[in-house]
Amino acid sequence: VLESYAKLNWKNLEIYAGRTEPPVFIDQSDFANDEKTQFVSKPFVNNPIADSEFRFAPLVGFKLTVEKFELAGVYQSEEFTDWNFAHPFSAFQVSYIGKRKTVRTYYWNSDTEEGNNWGIGVSGDYYLTKRLEVFGRASYGEKDAYELNKFFSLGFVLKDIVFKGKDLIGLGTAVLAP
């Protein structure tokens, strides 16, 4: 089983424990985060620099929502089957969730035998109209840890072209550079 976790809800706090990937907690997008219903290409689903650190492994995580802000964090084992946190992956994200826009900033650190691989990222979604949505992502990874350490993506989604609620088209562009 790749993904199995428990979630405890208490008021505006969610606590997770089990096995899943860090994108449950960081690097989300309302319009470009699902390879089944939105974009197939990896740069439009998750930040490819941070994604190189993602793994299905035991973790603990949380999401705390206070009015229009959400703080999320994850602390994950390096091993698929072991709750061994000798070289953990950790990440934190702060999100602003407005009526027509969402902006997220996040930091990640992957402690490896070779050293700490860290990075920062920002992503945003904006509803231009009920049918037209735009999104963007940018991130920077430590230059000594990642050969390609800068990432940018930008795109749009147009919904309800022919069948209301059942169709959409998305177009995006992405750059991954040293």
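Because the structure is a prediction, the values reported are computed rather than measured.

**Q** Would you mind going over the overall build of the protein chain with me for this structure?
**A** A tally of helices and strands in the protein chain yields one helix and 10 strands. Along the protein chain, helices (α) and strands (β) appear in the sequence β-β-α-β-β-β-β-β-β-β-β when read from the amino end. The proportion of buried residues among the 178 residues of the protein chain is 39%. Taking contacts inside the protein chain between residues at least 6 apart in sequence as the whole, the part at least 24 apart equals 46%. Put simply, the protein chain shows about 10,100 Å² of open surface, and 60% of that area lies on carbon and sulfur atoms.

**Q** In this structure, what is going on with the pairing of strand β8 (residues 132–141)? I would like to understand it.
**A** Here is the key point about a regular strand: its side chains alternate between the two faces of the sheet. With nine bridges connecting them, strand β7 (residues 115–127) and β8 associate as antiparallel partners. Residue pairing across strands places Gly-124 opposite Gly-136, the latter belonging to β8. Between β7 and β8, which pair antiparallel one after the other, the connecting turn spans four residues. Taken together, the nine bridges between β8 and strand β9 (residues 150–159) define a ladder with antiparallel strand orientation. By the bridge assignment for β9, Arg-137 is matched with Ser-153.

**Q** Please clarify how the nonpolar core should be interpreted in this entry.
**A** When a protein is soluble and globular, its nonpolar side chains tend to lie buried together. Residues Phe-25, Ile-26, Val-74, Phe-89, Ala-91 and Trp-108 are the most contacted members of the largest nonpolar core, which totals 15 residues. Counting residues per element, the ones that place at least two in this core are α1 (48–51), β4 (69–76), β5 (89–97) and β6 (101–112). Discounting residues that sit within four places of it in the chain, Ile-26 has contacts with Phe-54, Phe-89, Ala-91, Phe-92, Gln-93 and Tyr-106.

**Q** Honestly, the side chain of Glu-142 in this entry has me stumped. Any pointers?
**A** Considering the arrangement of structural elements, one finds Glu-142 in the loop between β8 and β9. Summary of buried charges: Glu-142 has no salt-bridge partner, and the nearest side chain of opposite charge, Lys-143, is 9.2 Å away. Not counting residues up to four positions away in its chain, the partners in contact with Glu-142 are Asn-116, Asn-117, Trp-118 and Asn-149.

**Q** Please clarify how a nonpolar patch on the surface should be interpreted in this entry.
**A** Together, Ile-161, Val-162, Phe-163 and Ile-169 make up an exposed nonpolar region whose accessible area comes to about 410 Å². Within the secondary structure, Phe-163 sits in the loop between β9 and β10 (168–177).

**Q** Where do I start with the environment of Asp-144 in this structure?
**A** When you line up the elements, Asp-144 lands in the loop between β8 and β9. It is 9.8 Å that separates the C-alpha atoms of Asp-144 and Asn-116, two residues lying 28 residues apart in sequence.

**Q** I'm lost on the sheet that holds strand β2 (residues 13–20) in this one. Help?
**A** Pairing between sheet strands relies on hydrogen bonds along the backbone, with the strands arranged either parallel or antiparallel. Pairing in this open sheet of 10 strands is antiparallel, and the strands run β1-β2-β3-β4-β5-β6-β7-β8-β9-β10 from one edge to the other. Looking at which strands have only one partner, the edges of the open sheet turn out to be β1 (4–10) and β10. Pairs of neighbouring strands in the sheet enclose a mean axial angle of 10°, with direction left out of account. Note: β9 against β10, 10 bridges, orientation antiparallel. Residue Leu-154 lies in a different strand from β10, and its bridge partner there is Thr-173.

**Q** When you look at the pattern of salt bridges in this model, what are you seeing that I'm missing?
**A** Pairs can form between side chains of opposite charge once their charged atoms are near each other. What the rule picks out here adds up to three salt bridges. As a salt-bridge pair, Arg-104 and Asp-125 come within 2.7 Å of each other at their nearest N and O atoms. Placement of Arg-104 in strand β6 and of Asp-125 in strand β7 is noted, with a sequence separation of 21 residues between them. Taking the relative accessible area as the measure of exposure, Arg-104 reaches 4% and is therefore buried. For Lys-159, the salt bridge identified is with Glu-133, shortest N-O distance 3.0 Å. Of the two residues, Lys-159 is situated in strand β9 and Glu-133 in strand β8; the sequence distance between them amounts to 26 residues.

The rules we used
Residues numbered from 1 in each chain as written. Predicted model: local features only at pLDDT ≥ 70, side-chain atom pairs only at ≥ 80, totals over all residues. Heavy atoms only, no water. Helix = DSSP H or I, 4+ residues; strand = E, 2+ residues; numbered from the N terminus. Buried < 20%, exposed > 50% of the residue type's maximum accessible area, 1.4 Å probe, protein only. Contact = heavy atoms within 4.5 Å. Areas by Shrake-Rupley, 256 points an atom, 1.4 Å probe, with all protein chains shown as cover. Pairing = 2+ DSSP bridges. Core = buried A, V, L, I, M, F, W, Y, C linked by side-chain atoms within 4.5 Å. Lys, Arg positive; Asp, Glu negative; His and termini not counted. Salt bridge = Lys/Arg side-chain N within 4 Å of Asp/Glu carboxyl O. Patch = residues over 30% accessible without salt bridge, like charges linked within 9 Å, V, L, I, M, F, W, Y side chains within 5 Å. Axes fitted to C-alpha atoms, helices over the stretch in contact; angles between N-to-C directions.

As far as function goes, none of this settles anything; it's purely spatial.
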